[in-house]
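Residue-level listing of the chains:
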Amino acid sequence: ERAEIRRSDDGIETDMVVVVSPEDDVEIRRVTLINRSLRRRRLGVTSYVELALAPHRADRQHPAFQKLFVEAEGIEGQPVLVAQRRLRSENEPPVWVAHRFTVENGPDVSWTHETDRGRFIGRGRTLADPAGARGLQRAAQGFTLDPIFSLRGEFELGPGHRATFAVV
């Protein structure tokens with residue numbers, strides 16, 4: 001039915017519920033952050049998704065080649081990313097994917113995005129500590145050598161307040 005993950009770090013309580021729809025190709029992660037400390041906190045939430053818009057077997061055999069056909073972009077002013085697979089023939093069905101954050105309750109959020117894996121990770125870094133988790137600057141648009149979806153929101157949370165996001 002679902003998976004639920006709870007933890008508490010430095011006065012911030014996190015509750016994440018993950019649900020995969022049985023009818024549609026969608027995963028929803030509902031994340032609630034509660035500030036249990038006595039001071040106002042500046043927080044960031046970051047998503048990271050590697051794209052594979054090809055059949056599983058084709059992606060496993062030639063992942064770098066398959067990524068050459070993916071075009072990803074952000075929707076200006078919205079926490080939304082969309083990508084499409086460029087058609088290689090007229091008989092190939094179109095493939096689209098979207099990724100978004102919705103704020104269910106909570107503070108005003110400042111959003112940024114990235115669609116290039118190399119820029120997200122950063123020079124001399126790894127996925128264990130990517131540059132994109134510290135803040136995303138200017139975003140790549142269109143075709144990149146290694147497309148991803150990453151959205152980052154920054155906000156302030158007062159003592160005892162909560163923020164709830166849905167990551168779709």
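The structure this text deals with has already been given above.
Owing to the predicted nature of the structure, the values given are computational and were not obtained by experimental measurement.

## Digging into unusual backbone geometry
Here the phi dihedral of Asp10 falls at roughly 50°; this positive angle occurs in a residue that is not glycine. Relative to the elements of secondary structure, Asp10 occurs in the loop between strand E1 (3–9) and strand E2 (12–20).

## Some thoughts on the side chain of Thr164
Tracing the sequence through the fold places Thr164 in strand E12 (residues 162–167). At a separation of 3.4 Å, a polar atom in the side chain of Thr164 contacts the side chain of Thr32. Excluding residues that lie within four positions of it along the chain, Thr164 makes contacts with Arg30, Val31, Thr32, Thr102, Val103, Glu104 and Asn105.

## Structural notes on the pattern of salt bridges
Under the criterion given, the structure shown has 16 salt bridges. In this structure, the salt-bridge partner of Glu4 is Arg2, at a minimum N-O distance of 3.9 Å. The partly exposed category is assigned to Glu4, whose relative accessible area is 37%. Arg2 sits in the exposed class, given a relative accessible area of 53%. Where Glu114 meets Arg119, a salt bridge forms, and the shortest distance between an N and an O atom there is 3.4 Å. For Glu114, a relative accessible area of 3% puts it in the buried group.

## Structural notes on the packing of aromatic side chains
All told, the structure shown has five aromatic pairs when counted by the stated rule. Ring centres of Phe101 and Phe165 lie 6.0 Å apart, and the angle between their planes is 90°; this geometry places the pair in the edge-to-face category. Of this pair, Phe101 sits in strand E8 (residues 95–105) while Phe165 sits in strand E12, placing them 64 residues apart in sequence. Classification of Phe101 by relative accessible area gives buried; the value is 4%. Taking relative accessible area as the criterion, Phe165 reaches 0% and is therefore assigned buried. Among the aromatic residues, ring-to-ring pairing joins Phe101, Trp111, Phe155 and Phe165 into one connected group.

What counts, and where the lines are drawn
Residues numbered from 1 in each chain as written. Predicted model: local features only at pLDDT ≥ 70, side-chain atom pairs only at ≥ 80, totals over all residues. Heavy atoms only, no water. Helix = DSSP H or I, 4+ residues; strand = E, 2+ residues; numbered from the N terminus. Polar contact = N/O pair within 3.5 Å; in protein donor to acceptor, adjacent residues only side chain to side chain. Contact = heavy atoms within 4.5 Å. Salt bridge = Lys/Arg side-chain N within 4 Å of Asp/Glu carboxyl O. Buried < 20%, exposed > 50% of the residue type's maximum accessible area, 1.4 Å probe, protein only. Phe/Tyr/Trp six-rings, centres within 6.5 Å; stacked < 30°, edge-to-face > 60°.

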